[in-house]
Amino acid sequence: MIELLNIDCMEYMAGLPDKAFDLAIVDPPYGLGIASNGKLHNNSSYDKGFVKNKDYKPTNWDNAIPDQNYFIELQRVSKKQIIWGGNFFIDHLTSQRSFIVWYKKGKDKNPNFSPAELAWTNCSGLPKVYFIDWIGFGYINTGEEKIHPCHKPIKLYKSLLQDYAKPGDKILDTHLGSGSSAIAAHYAGFDFVGCELDKDYYDAACKRFKEQTAQQSLF
Ligand SMILES: C[S@@+](CC[C@H](N)C(=O)[O-])C[C@H]1O[C@@H](n2cnc3c(N)ncnc32)[C@H](O)[C@@H]1O
């Protein structure tokens, strides 16, 4: 079952027993203020014909990272965690052998955006690198239309579930955003709960989820 909740994840986690989820795949605010002016790229430098421009509503959700209580709660309610942006949260996480790199390749085409993102994980195994094309904030060359400024590809979540989850696992995403994680969980057959605080993002994620999962197959 897939459950999408318009709720503060701290409130949701407070009501959970220890280790209620097998795996949490989360993408908390990195504290970069990325959504604060609603303009996620400079049109003059970016609109070179290979991207669609897109504006988002200005919000402050990315102005600070979550505090220590978030990481304590997350590790209380889930057995394993994959935490995107782990490099921004080093004060709150322990040293681990493994980590995950998402290499976006789109950097070759536009110098303004990061070529990669890092996820911290306490899952065992060697570090892994995923190569999935993605260009900046405006347009994705995977066929997905972007509905959220930090929208990650469904394909990325699909790969993480394939590599880190076992059949029957219950998956948590505390920061749902566009709902890519929920769509991937649906297609992979996992039970999943996603929390999103912002009502507009939540409504957009629910709409996207309904539209995408009404199709025969995404992959
Ligand atoms: C980095 S984005 C997640 C993007 C997502 N991975 C995707 O692929 O679209 C973080 C999201 O967390 C939401 N958020 C911030 N604080 C939250 C909280 N306490 N509980 C639930 N959601 C929260 C923000 O509104 C934002 O949509």
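It should be emphasised that the depicted structure is a prediction, and the values quoted were computed from it without experimental measurement.

(A) Representation of unusual backbone geometry within the structure. Of note, the phi angle at lysine 19 is positive, near 55 degrees, even though the residue is not glycine. The topology assignment puts lysine 19 in the loop between α1 (9-14) and β2 (21-26). Residue classification places lysine 19 among the partly exposed residues on the basis of a relative accessible area of 41%.

(B) Quick peek at the site of the ligand. Surveying the vicinity of the ligand reveals 20 residues, the closest of which are Asp27, His148, Lys152, Ser178 and Glu196. Within the backbone of cysteine 9, a nitrogen or oxygen atom sits 2.9 Å from a nitrogen atom of the ligand. One of the backbone N or O atoms of leucine 197 is found 3.2 Å from a nitrogen atom in the ligand. Here the ligand loses 94% of its free accessible area of 610 Å² to cover by the protein chains. In terms of residue class, the shell around the ligand is made up of 9 nonpolar, 6 polar and 5 charged.

What counts and what doesn't
- Residues numbered from 1 in each chain as written.
- Predicted model: local features only at pLDDT ≥ 70, side-chain atom pairs only at ≥ 80, totals over all residues.
- Heavy atoms only, no water.
- Helix = DSSP H or I, 4+ residues; strand = E, 2+ residues; numbered from the N terminus.
- Buried < 20%, exposed > 50% of the residue type's maximum accessible area, 1.4 Å probe, protein only.
- Near = heavy atom within 4 Å.
- Polar contact = N/O pair within 3.5 Å; in protein donor to acceptor, adjacent residues only side chain to side chain.
- Areas by Shrake-Rupley, 256 points an atom, 1.4 Å probe, with all protein chains shown as cover.
- Nonpolar A, V, L, I, M, F, W, Y, C, P; charged D, E, K, R; others polar.

Read these as layout, nothing more, since geometry by itself doesn't imply function.
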